[in-house]
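# Topology and contacts: notes
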Amino acid sequence: MLALLIRLGLRFEDRIEERRFVDQYVRGSLGWTQIAMLLGAATYAGYTLWDWVLYPEVVPTTLAIRGGTALFILLPLTALLSRRRMKPWAETIFLVYCVIPGCILPSIYLVLPSGFTFAAPGMMMIILFVSTMLPLRIGSLAIFCLLSWVALLVAESFALTMPTGLSFINHSLVGNAYALSLYAVAAREYRARRQFRTSEALQREKERSEKSLRDLRATQEQLVQAEKLASLGQLVAGVAHEVSTPLGLALTTSTTMQTDLQTMADALGGASVRRSDLTKGIDRLKQGLDLTFDNLHRASEMVHSFRQVAVHQADEDRRSFELRDWLSELMSKLAPLLSHHALTVEVQCPAGITLNSYPGALAQVISNLALNTAGHAYPGKTGGRFVVTVSQSNAKSVRLVCADDGVGIPEHLQAHIFDPFVTTSREKGNAGLGLHIAFNLVTSSLNGRLRLESKAGPGTRIVIEIPVEGTLQENSALLRSEASAIGSR
């Protein structure tokens, strides 16, 4: 029987899954079921009114049977469901609640003068209530049908007289009612099981998706940090190259001054010293000191600029800043790195635009776009322009257009330029994550939009639109970045 129920979809093979389904199906809405049980008890006792209308003389007997059943059996069983420790026995309580009045009802027809004339309608009312109002499974309903039908047969065997054919009619009607109720309950349970499995699958998929989203967020954070470190590493290399020149000159000059100083010391230790030689030595030392000071000052400024850029790109705090001065400062500090690519930078920004946003994130975005232009727009370091144009059409948002007149983006890549790991220079070791980081920062940290505006052909225009009052979005922005994850050319 168990195998048949499994094949019919009326039972699960997994016992744990079956237990969870029973908990949900049978015990899912006990409050509403208790209300139905109260209505059932009132209806069962209320049929005494029919007896009083037809046969007043038997009302005491039928009231004792109907009312006693409702008062001493149906209502206590309903109350039992309110106790927490009895809830695991809910299905058994439902079965007892159905079987007892179903088996007692045929005995009432033994005391009625009409006998079993109205037996079929009475039994059908109970069957209707049981199959529609209570969360019985097909097995419990089958037990109820079998026991109540046997009770009807037994009661008929004690009947003194029955019209010819009445038993056949009653059992035909009751049998049809049993068959229909069994089918209805089986269909309801089958659909409930299908829905249960669907909801379980959806729940598992939701948990898997949430885990994937958490992993994606962690990966994005790692990529952001990795890109920041890579950007700073490139900047370190560029600044180190630039700083090495003035430091080298300062070292060479100091070595020369040391030699000149030793020459003057030797001369002063001799028999005679000419004034012209002493003056000449002092002049050479003065020139050397000036040259050393200038080169050391230049190196110090470069190191200071490097520190400022590092602070900008590691800064995650929100603050207010004036955009034009901030952009000019940022570009001047990126100049040592961009100069190796012969890339000139222009900033066209009206004065007076103040943002309350995240300068660290914006610095990372513009740095990535500038480095992307330097590495891809002008192959062979032939030189070029990177222009940042700022405009403000309304008081709530600012538009930054980062443009170049380089080779442009191939048409077949333009639809995927914001996909991860898309690059035109894979052979040079580029991972294709520059614009990935830029897009993620614009959408998640700056609460803005980043899009490619240029068409096929020379030149590239990337537009950034950010609110003047930036807010940090988390879930919705990360979902957008998951759906439109981006890459570098």
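Structural data are supplied above this passage.
Residues numbered from 1 in each chain as written. Predicted model: local features only at pLDDT ≥ 70, side-chain atom pairs only at ≥ 80, totals over all residues. Heavy atoms only, no water.

### Re the pattern of salt bridges
Inclusion rule: We count a salt bridge whenever a side-chain nitrogen from Lys or Arg sits within 4 Å of a carboxyl oxygen from Asp or Glu. By the criteria applied, helices consist of DSSP H or I runs no shorter than four residues and strands consist of E runs no shorter than two, each listed in order from the N terminus. Per-residue accessibility, obtained with a 1.4 Å probe over protein chains only, is compared with the maximum for each type, and a residue is labelled buried under 20%, exposed over 50%, and partly exposed between these values.
Counting across every chain of the model gives 19 salt bridges. In this structure, the salt-bridge partner of Asp23 is Arg27, at a minimum N-O distance of 2.3 Å. Within this pair, Asp23 and its partner Arg27 are both found in helix H2 (residues 15–27), separated by 4 residues, close to a single helical turn. Since its relative accessible area comes to 22%, Arg27 is described here as partly exposed. The partner of Glu189 in a salt bridge is Arg193, and the shortest N-O contact between them spans 2.9 Å. Taken as a pair, Glu189 and Arg193 lie in helix H9 (residues 166–268) at a separation of 4 residues, close to a single helical turn. Residue class for Glu189 comes out buried when judged on its relative accessible area of 1%. Each member of the salt-bridge network shares a partner with another, and the members are Arg11, Glu18, Glu91, Arg137, Glu189 and Arg193.

### Things to note about the pairing of strand S7 (residues 460–467)
To be explicit about the condition: The pairing criterion for strands is at least two bridges between them, as found by DSSP.
Where burial is concerned, most of S7 is hidden: 6 out of the 8 residues are buried. The pairing of strand S5 (residues 397–404) with S7 spans 8 bridges and is antiparallel. Looking at S7, one finds that Asp404 is bridged to Thr460. Where strand S6 (residues 449–452) lies against S7, 4 bridges are found, and the strand directions are antiparallel. Looking at the pairing, Leu452 lines up with Ile462 of S7.

### Examining the packing of aromatic side chains
Applicable threshold: Here is the rule: rings of Phe, Tyr and Trp (six-membered ring for Trp) pair when centre to centre is within 6.5 Å. Planes less than 30 degrees apart are stacked, more than 60 are edge-to-face, and the remainder are tilted. Either the NZ atom of lysine or the CZ atom of arginine qualifies as a charge over a ring when it sits within 6 Å of the ring centre and within 35 degrees of the ring normal.
Under the criterion given, the structure shown has 9 aromatic pairs. Judged by centre distance (5.9 Å) and plane angle (25 degrees), the ring pair of Phe12 and Phe196 falls under stacked. Of this pair, Phe12 sits in the loop between helix H1 (2–7) and H2 while Phe196 sits in helix H9; the two residues are 184 residues apart in sequence, bridging distant segments of the chain. Overall, Phe12 belongs to the buried group, its relative accessible area being 6%. Taking 6.3 Å as the distance between ring centres and 40 degrees as the angle between the ring planes, the aromatic pair formed by Tyr97 and Phe129 counts as tilted. Taken together, the residues span a long stretch of sequence, with Tyr97 in helix H6 (residues 90–111) and Phe129 in helix H7 (residues 119–133) at a distance of 32 residues. Accessibility expressed as a relative area gives 3% for Tyr97, which makes it buried. Taken together, Phe12, Phe21, Tyr25 and Phe196 form an aromatic cluster joined through their ring pairs. Sitting over the ring of Phe12, Arg193 keeps its end group 4.8 Å from the ring centre.

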